Amino acid sequence: MFKGIRGVFIRVADLEEATERYLRLFGGTLTQRHAFEDLGFDTSVITYDNGTYIELISPLDEEGPVARALRSRGEGLHQISFDNDDPRACVEHLRDSEVRLVNDPGRGEPVTQQIFVHPRDVNGVLVQVGNTPFD
């Protein structure tokens, strides 16, 4: 089912500075720079030969979820993405475990967005079920 960590998302105040620092210190390849205007954040994705990645995220405005998290918790770990063989089975397992799922439309409904475990149920870290959506 779950195979391990696929990626780690880190909140940063200055995306350019953080991107340069992570590449200089930890290597990897910058494979994506993308602003998600609709979600209010900008990203740099640094990938590694084993298929894992670090995604640095920085707010584009003062109102989005990343901006709010940066204000309340500062820079640091924002989210972990877990790799898996079967996202449908993983979501069913989590539903059965009675944790709060973000973007879950409920049993029997098509999953068309990324599914996350709410941070309140996993020690303050947003956890993404990698490979969703599956419908």
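Residues numbered from 1 in each chain as written. Predicted model: local features only at pLDDT ≥ 70, side-chain atom pairs only at ≥ 80, totals over all residues. Heavy atoms only, no water.

A. Fine view of the packing of aromatic side chains. In the structure shown here, the tally under the stated rule is four aromatic pairs. Pairing phenylalanine 9 with tyrosine 53 gives two aromatic rings, centres 5.7 Å apart and planes at 85°, and the pair type is edge-to-face. A residue pair is termed long-range when its members are at least 10 positions apart, and phenylalanine 9 in strand β1 (residues 2–11) and tyrosine 53 in strand β4 (residues 53–59) qualify at 44 residues. Just as phenylalanine 9 is buried, tyrosine 53 falls in that class too. A centroid spacing of 5.3 Å and a plane angle of 40° characterise the contact between phenylalanine 36 and phenylalanine 41, whose relative ring orientation is tilted. (Phe/Tyr/Trp six-rings, centres within 6.5 Å; stacked < 30°, edge-to-face > 60°. Helix = DSSP H or I, 4+ residues; strand = E, 2+ residues; numbered from the N terminus. Buried < 20%, exposed > 50% of the residue type's maximum accessible area, 1.4 Å probe, protein only.)

B. Fine view of the nonpolar core. Ranked by size, the top nonpolar core spans eleven residues in total: Ile80, Cys90, Val91, Leu94, Leu101, Val111, Ile115, Val117, Val125, Val127 and Val129. For this core, the secondary-structure elements that each account for two or more residues are α3 (87–96), β7 (115–117) and β8 (126–129). In terms of residue count, α3 provides more of this core than any other element does, three residues in total. Residues in contact with valine 127, not counting those within four places in the same chain, are Ile80, Phe82, Ile115, Phe116, Val117 and Val122. (Core = buried A, V, L, I, M, F, W, Y, C linked by side-chain atoms within 4.5 Å. Contact = heavy atoms within 4.5 Å.)

C. Just the pattern of salt bridges, in detail. For the structure on display, the rule yields eleven salt bridges. Residues arginine 71 and glutamate 62 are paired through a salt bridge, measuring 3.8 Å at the closest nitrogen-oxygen approach. Within this structure, Glu92, Arg95, Asp96, Asp104 and Arg107 form a network of salt bridges that share partners. (Salt bridge = Lys/Arg side-chain N within 4 Å of Asp/Glu carboxyl O.)

D. Representation of the side chain of glutamine 79 in the model. Relative to the elements of secondary structure, glutamine 79 occurs in strand β5 (residues 76–84). Engagement of the side chain of glutamine 79 in a polar contact is seen with the side chain of glutamine 128, the distance being 3.3 Å. With residues near it in sequence (within four places) discarded, glutamine 79 still touches Gly7, Val8, Phe9, Phe116, Val125, Leu126 and Gln128. (Polar contact = N/O pair within 3.5 Å; in protein donor to acceptor, adjacent residues only side chain to side chain.)

E. Quick look at helix α2 (residues 65–73). Of the positions making up α2, those classed as buried are Val66, Ala67, Ala69 and Leu70. Looking straight down α2, one finds that the buried residues subtend no more than 165° of arc, so they occupy a single side. Across α2 from its buried face, at more than 90 degrees, point the exposed residues Arg71 and Ser72. On the buried face of α2, the contacting elements are β1, β3 (41–47), β4 and β5. At the C-terminal side of α2, glycine 74 shows a positive phi close to 80°. (Arc of directions from axis to C-beta.)

Function-wise, these values are silent; they only describe arrangement.
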